[in-house]
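Descriptive analysis of the structure
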Amino acid sequence: MKERVFSGMRPTGKLHLGHLAGALTNWVRMQDDYECFYCIVDWHALMSDYADVSRVRSNCREVLLDWLASGLDPERSTIFIQSHVPEHAELHLALSMITPLGWLERCPTYKDQILNLKNKDLGNYAFLGYPVLMAGDIVLYKAHKVPVGEDQSAHLEITREIVRRFNNFFGEVFPEPDILLTPFPKVPGTDGRKMSKSYDNSLNISDTTEVIWEKLRTMMTDPARERRSDPGDPEKCPVWDLHKVFTSDAVCREELAQGCRTAGIGCIDCKKVLRDNVNTLLDPIRERRHHYENHGDEVMDILAEGAKKARLVAAATMNEVKQAMGLVL
Ligand code: TRP
């Protein structure tokens, strides 16, 4: 019996190379060794974006296309949308009975977002319970492993605490899931800051060759290297950080670094090598995305099949939960 993996992403729209290198490549690899559940968590998106829901549907579609294009395989993994499996909402309610308010109020991501996202009113009841819904997502499938980035570790800790408390009250229903910290490579965007949709500095998985080149061509480099004849310092150049992730040939990388330090090559030469390597990575992904973009019926079938497979497991777990909580006649 393979161990179970669960992970989720909020439907934020088109995914970028940070998602690919930081999460998806790893998720694709895990399909060989685990029974994987990959979920687009649309209810989680509503918890903070309830005031404008106009993009939820199209964002879910873009995320799904990027997932399938990147190699998440519906034949091997269960790929689905959270709201299509009503047991997520039901388990969220059940777990909310035993979750102390203090755990949620003290959660660092909650405090941080209340302070920093001033343009959204996050004083709603649901947003405080974000980690409870997330705990429900994971334990609904009794997942053993949860591959996520460091930013989710506080949520995983709350999940484990909720599991312990639930099992204490009602008997051993859930296994305590382990976090599988994804080694997140540094992937800067075109302005040198962390690649992020909100900074508008992303290289998207779905970008064409031309768009990728336009973004790379105008991307910032070591600011001290003003002229072609000035030597540069790779460690001060975000293009170099991208080479570290996307140029796998170490000899080639060393030549580029040497060429930069000695002004032997220009920034455009260096960027062309990066462009070619990114395109080699993205070409098969583009081809698969193109296929699914033109076969909407196949995509709908994948979602229906995913929800069906997920519900089979989810319904069994909910039966156990209700039994344990004294709800079954
Ligand atoms: N909170 C996660 C994020 O923002 C998304 C998420 C929701 C998730 N439910 C999950 C991740 C369950 C892993 C497991 O990235």
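Residues numbered from 1 in each chain as written. Predicted model: local features only at pLDDT ≥ 70, side-chain atom pairs only at ≥ 80, totals over all residues. Heavy atoms only, no water.

Let's talk about the nonpolar core
- One finds Leu24 and Trp67 to be the most contacted residues of the largest nonpolar core, which totals 49 residues.
- The element that contributes the greatest number of residues to this core is helix H3 (residues 56-70), accounting for 8 residues.
- Split by domain, the residues of this core number at least three in each of domain 1 (4-187 + 296-324) and domain 2 (207-289).
- Ignoring sequence-local partners within four residues, the contact set of Leu24 consists of Met9, Leu15, His19, Asp66, Trp67, Ser70, Leu72 and Ile205.
- One finds Val41, Tyr130, Val139 and Val173 within the second-largest nonpolar core, a separate group that totals 42 residues. (Core = buried A, V, L, I, M, F, W, Y, C linked by side-chain atoms within 4.5 Å. Buried < 20%, exposed > 50% of the residue type's maximum accessible area, 1.4 Å probe, protein only. Helix = DSSP H or I, 4+ residues; strand = E, 2+ residues; numbered from the N terminus. Domains from an automatic or database assignment. Contact = heavy atoms within 4.5 Å.)

What about helix H2 (residues 42-49)?
- Residues of H2 that are buried: Asp42, His44, Ala45, Met47 and Ser48.
- Where H2 is buried, its residues touch strand S2 (35-40), H3, strand S3 (78-81), helix H4 (87-96), helix H7 (125-128) and helix H8 (130-139).

Let's talk about the site of the ligand
- Taken together, 13 residues form the shell around the ligand, and within it Arg10, Tyr130, Met134, Asp137 and Gln152 come nearest.
- Between the ligand and Tyr130 there is a distance of 2.8 Å, counted from a nitrogen atom to a side-chain nitrogen or oxygen.
- Interatomic distance of 2.7 Å between a side-chain N/O atom of Asp137 and a nitrogen atom of the ligand.
- Counting residues per element, the ones that place at least two in the shell around the ligand are strand S1 (4-9), H8 and strand S4 (145-148). (Near = heavy atom within 4 Å. Polar contact = N/O pair within 3.5 Å; in protein donor to acceptor, adjacent residues only side chain to side chain.)

Here we look at the side chain of Asp230
- Residue placement: Asp230 occurs in the loop between helix H10 (209-217) and helix H11 (238-246).
- Looking at Asp230, the relative accessible area reads 18%, which means it is buried.
- Those residues in contact with Asp230 that sit more than four places away from it in its chain are Ala224, Arg225 and Ala263.

Quick notes on the pattern of salt bridges
- Counted under the stated rule, the structure contains 28 salt bridges.
- Note that Arg160 is salt-bridged to Asp178, the shortest N-O span being 3.4 Å. In this pair, Arg160 sits in helix H9 (residues 153-170) while Asp178 sits in strand S5 (residues 178-181), placing the two residues 18 residues apart along the sequence.
- Between Arg227 and Asp230 there is a salt bridge whose closest N-O contact spans 3.8 Å. (Salt bridge = Lys/Arg side-chain N within 4 Å of Asp/Glu carboxyl O.)

Regarding unusual backbone geometry
- At Asp200, a residue that is not glycine, the phi angle is positive and equals roughly 55 degrees.
- Assignment of secondary structure puts Asp200 in the loop between S5 and H10.
- Residue classification places Asp200 among the exposed positions, given a relative accessible area of 71%.
- Of note in the backbone geometry, Ala263 takes a positive phi value of approximately 60 degrees without being a glycine.
- Its location among the elements puts Ala263 in the loop between helix H12 (250-261) and helix H13 (267-293).

Quick look at the side chain of Lys145
- Counting through the fold element by element, Lys145 comes out in strand S4.
- Looking at Lys145, the relative accessible area reads 15%, which means it is buried.
- The residues touching Lys145, leaving out its near neighbours within four places in the chain, are Glu3, Arg4, Val5, Phe6, Tyr34, Asp178 and Leu180.

What about the environment of Gln113?
- Structurally, the position occupied by Gln113 is in helix H6 (residues 108-116).
- Classification of Gln113 by relative accessible area gives partly exposed; the value is 29%.
- Sequence-wise, Gln113 and Ser48 are 65 residues apart; in three dimensions their C-alpha atoms are separated by 9.9 Å.
- The residues touching Gln113, leaving out its near neighbours within four places in the chain, are Leu122 and Phe127.

Some words on a negative patch on the surface
- On the surface, Glu75, Asp297, Glu298, Asp301 and Glu305 cluster together into a patch of negative charge.
- As for its placement among the helices and strands, Asp297 is situated in helix H14 (residues 296-324). (Patch = residues over 30% accessible without salt bridge, like charges linked within 9 Å, V, L, I, M, F, W, Y side chains within 5 Å. Areas by Shrake-Rupley, 256 points an atom, 1.4 Å probe, with all protein chains shown as cover. Lys, Arg positive; Asp, Glu negative; His and termini not counted. Charge placed at Lys NZ, Arg CZ, Asp CG, Glu CD.)

Considerations on H8
- Within H8, 10 of the 10 residues are buried, which leaves it mostly tucked inside the rest of the structure.
- Taken residue by residue, H8 has Tyr130, Pro131, Val132, Leu133, Met134, Ala135, Gly136, Asp137, Ile138 and Val139 as its buried positions.

Digging into the pairing of S2
- In terms of burial, S2 is a largely internal element, 5 of the 6 residues being buried.
- Looking at chain direction, S1 and S2 are connected through 6 bridges and run parallel. Across the sheet, the residue bridging to Ser7 is Tyr38, located in S2.
- The handedness of the S1 to S2 crossover, carried by helix H1 (residues 17-30), is right-handed.
- Bridge count for S2 against S3 is 4 bridges, and the pairing is parallel. Considered in S3, the bridge of Tyr38 is made with Ile79. (Pairing = 2+ DSSP bridges. Right-handed = clockwise from strand over helix to strand, strands pointing away.)

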